[in-house]
Amino acid sequence: MSIHPPTWYFRAREQVGRAWCLHDQDGAPAERLLQAIWFHQRLLRDRLQTTDGRKVQVVHPGFPNPEGGPDFRDALVRLGDGPVCRGDVEVDVRPRSWWEHGHDQNPRYARVLLHVVWEAATLAPDAPARGNRAENPPPPILPLCEVLDAPLPELALWLDRGENVAWPEALRGACCAPLRQLDPGQLEELLEQAAAARLEGKILWFQARARAVGWEQALWEGLFRGLGYKHNTWPMQWLAEHRCRWAEGARSVTLLQARLLGLGGLLPDEIRHLPADSDQLLRRLWDLWWRDRATLEDCCLPRNAWRLHGVRPANHPQRRLALVAHWLARPDWVRSLEIWCTTEHAESDLAPSLLRLLQPPSDPFWSWHWTVQSTRLPQPQPLIGEARVTDLAVNVILPWLAARARTVEPPLLWERLQRWYFAWPTGEDNALLRLARQRLLAGRVPRGLLRRAATQQGLLQIVRDFCDHANAACEGCPFPARVRQWAAAAQGAGKED
């Protein structure tokens, strides 16, 4: 059962997915698809192994590098029983590209700790003679062909490349003109079709993950990722993936906070010269964490796994982990989400009703502090706000519920969740949405068009599906021509009516 019968948008999107799925001379996927798979970790992460037999644990896949050098910078990877190492990752179709592309001589590749390839059936040849020139020895090789979490065509249809490509803010996209020719109703319909495609992609992710780890674990991983934002998604994912270890026997909020902050390397070592309430909390957290540290050491993150520069105080990982601890301490919390979705809510009460469910009781410390070390706030602050609830709703909670509901007959719950998704009130604005409005709509948005979160999601999906696969000049992007064709067809149908 799908959200809609095949629509114009789904067909246009499918053509793009086919174009970049399999086009290497021997049937291997394109390198940029491998890069997307690595970046989004669409892998069976517990089965990763180098060609020399070492287990690979990816704490952080690294940041896409648009400049010259390795494809991903500052990844955090553990090989075998060794420590978590920080370095770069190079992605190629074949192992021999290490020499063919000159990586062995390029000093920019000196920090590469993992060479990600499609398959290693034919390993790289011996290193060619370079005389006395210094060389970068080939790093461990990680083949991906046997560890994808879904078939390649399915991955190609929904995978995006995150924020790899940056465009000048003032540059308008080639689709701006045809989009501006649509009347408000046509533009809204197009964005809703794109939003449906976005929801479908998230449903497919939850289905794939649930097949590997179960529905409840898939939900927790989605929630942790959603609370990590763009900078700290992967450290949060790492913690979520080890939930069966650190959650065992933990029923109190304080114990869960101690374990999560300890595992994340977020408990300050120095507890002197702090305000009295911070000092008291830290001593309590350290007392609890010392008891569990040795048994959970292999799950611990290094402190530098987190990107804290530029993070708003309310979004600090310490505060988000403190929030999750409240949810985890309630054994019926996941069940409460299921009950919430089986109860009919007026559109005006959708976000408020979910906020009431996600908002924990007042926390004696975290309601008054942004971080462990910050000074006491003059007024208490909620642990989660309306904007974050909307983000979790459209990206995690509704897709997770919908993935389960659409297998149930009769499809009443599935239809309700679709209706809620398209009725959910608008989410918080961000830099990506602002840039998308400039490139696609020249900043001119018809009144009321983005009043719902789904149309915002549709705008983001167009960027993912089309803009991210073209350059800043939109060379080769099929979307502008397809918009014109769709508009002409819609206009012709209108005249016939």
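Refer to the structure printed above.
Since the structure is predicted, the reported quantities are computational estimates derived from the model, not experimental observations.

Cut-offs used in this document
- Residues numbered from 1 in each chain as written.
- Predicted model: local features only at pLDDT ≥ 70, side-chain atom pairs only at ≥ 80, totals over all residues.
- Heavy atoms only, no water.
- Helix = DSSP H or I, 4+ residues; strand = E, 2+ residues; numbered from the N terminus.
- Buried < 20%, exposed > 50% of the residue type's maximum accessible area, 1.4 Å probe, protein only.
- Contact = heavy atoms within 4.5 Å.
- Areas by Shrake-Rupley, 256 points an atom, 1.4 Å probe, with all protein chains shown as cover.
- Disulfide = S-S within 2.5 Å.
- Phe/Tyr/Trp six-rings, centres within 6.5 Å; stacked < 30°, edge-to-face > 60°.
- Lys NZ or Arg CZ within 6 Å of the ring centre and 35° of its normal.
- Pairing = 2+ DSSP bridges.
- Axes fitted to C-alpha atoms, helices over the stretch in contact; angles between N-to-C directions.
- Parallel < 35°, antiparallel > 145°, perpendicular 65-115°, else oblique.
- Nonpolar A, V, L, I, M, F, W, Y, C, P; charged D, E, K, R; others polar.
- Core = buried A, V, L, I, M, F, W, Y, C linked by side-chain atoms within 4.5 Å.

Caption draft 1: Layout of the overall build of the chain. The number of helices and strands found in the chain is 19 helices and six strands. Here the chain, with 497 residues, has 56% of them falling under the buried criterion. Look at the contacts in the chain between residues 6 or more apart in sequence, and 73% of them connect residues 24 or more apart. For the chain, the exposed surface amounts to about 22,500 Å²; the carbon and sulfur share of it is 50%.

Caption draft 2: The state of the cysteines, seen in detail. Evaluation of the coordinates by the stated rule reveals zero disulfides. Counting only cysteine sulfurs, Cys299 is the nearest neighbor of Cys244, a cysteine outside any disulfide, at a range of 7.8 Å.

Caption draft 3: Examining the packing of aromatic side chains more closely. Tallying each qualifying case throughout the model produces 16 aromatic pairs. Between the aromatic rings of Trp8 and Phe479, the centroid separation amounts to 6.4 Å while the plane-to-plane angle is 40°, which identifies the pairing as tilted. Here Trp8, found in helix H1 (residues 8-19), pairs with Phe479, found in helix H19 (residues 479-496); they are 471 residues apart in sequence, far enough to count as distant. By way of ring pairs, the aromatic residues Trp8, Tyr9, Phe466, Phe479 and Trp486 are connected into one cluster. Over the ring of Trp234 we find Arg225, and its NZ or CZ is 4.7 Å from the ring centre. Above the plane of the ring of Trp368 lies Arg376, whose end atom (NZ or CZ) is 4.0 Å from the centre.

Caption draft 4: View of the environment of Val463. Tracing the sequence through the fold places Val463 in helix H18 (residues 453-465). Using a relative accessible area of 2% as the deciding quantity, one classes Val463 as buried. Once the C-alpha coordinates of Val463 and Arg439 are considered, the two residues, 24 residues apart in sequence, prove to be 9.3 Å apart.

Caption draft 5: Structural detail: the environment of Leu43. Among the secondary structure elements, Leu43 is positioned in the loop between helix H2 (31-40) and strand S1 (56-60). Spatially, the C-alpha atom of Leu43 lies 4.8 Å from that of Asp149, the residues being 106 residues apart in sequence. With residues up to four places along the chain from it excluded, the contact list for Leu43 reads Ile37, Trp38, Leu48, Leu144, Val147, Leu148 and Asp149.

Caption draft 6: Representation of the pairing of strand S4 (residues 84-91) in the model. Here strand S3 (residues 72-79) runs beside S4; their pairing, made up of five bridges, is antiparallel. Bridge assignment links Leu76 to a residue of S4, and that residue is Arg86. Judged from the four bridges that link them, S4 and strand S5 (residues 112-117) form a sheet pairing that is parallel. Across the sheet, Asp88 pairs through a bridge with Val112, a residue of S5.

Caption draft 7: Geometry of unusual backbone geometry. The backbone phi angle of Gln41 is positive, close to 50°, even though this residue is not glycine. Positionally, Gln41 belongs in the loop between H2 and S1. Of note in the backbone geometry, Asp74 takes a positive phi value of approximately 55° without being a glycine. Along the chain, the position of Asp74 falls in strand S3.

Caption draft 8: Broad picture of the packing of helix H14 (residues 350-358) against helix H15 (residues 386-405). In the contact formed by H14 and H15, the axes pass within 10 Å of each other and the chain directions differ by 95°. When the axis of H14 is compared with that of H15, the two are roughly perpendicular. Taking contact as the criterion, the partners of Ala351, Leu354, Leu355 and Leu358 in H14 are, on H15, Glu386, Val389, Leu392, Ala393 and Ile397. Across the contact of H14 with H15, the residue classes break down as eight nonpolar, no polar and one charged.

Caption draft 9: A look at the nonpolar core. Of all hydrophobic cores here, the largest spans 88 residues; its most connected members are Phe224, Trp327, Trp340, Leu358 and Trp424. The element best represented in this core is H15, accounting for twelve residues. Not counting residues up to four positions away in its chain, the partners in contact with Trp340 are His345, Leu350, Ser353, Leu354, Leu357, Ile397, Leu398, Leu401, Trp420 and Trp424. The next biggest cluster of nonpolar side chains, apart from the first, holds 30 residues, and it includes Tyr9, Leu187, Ala470 and Trp486.

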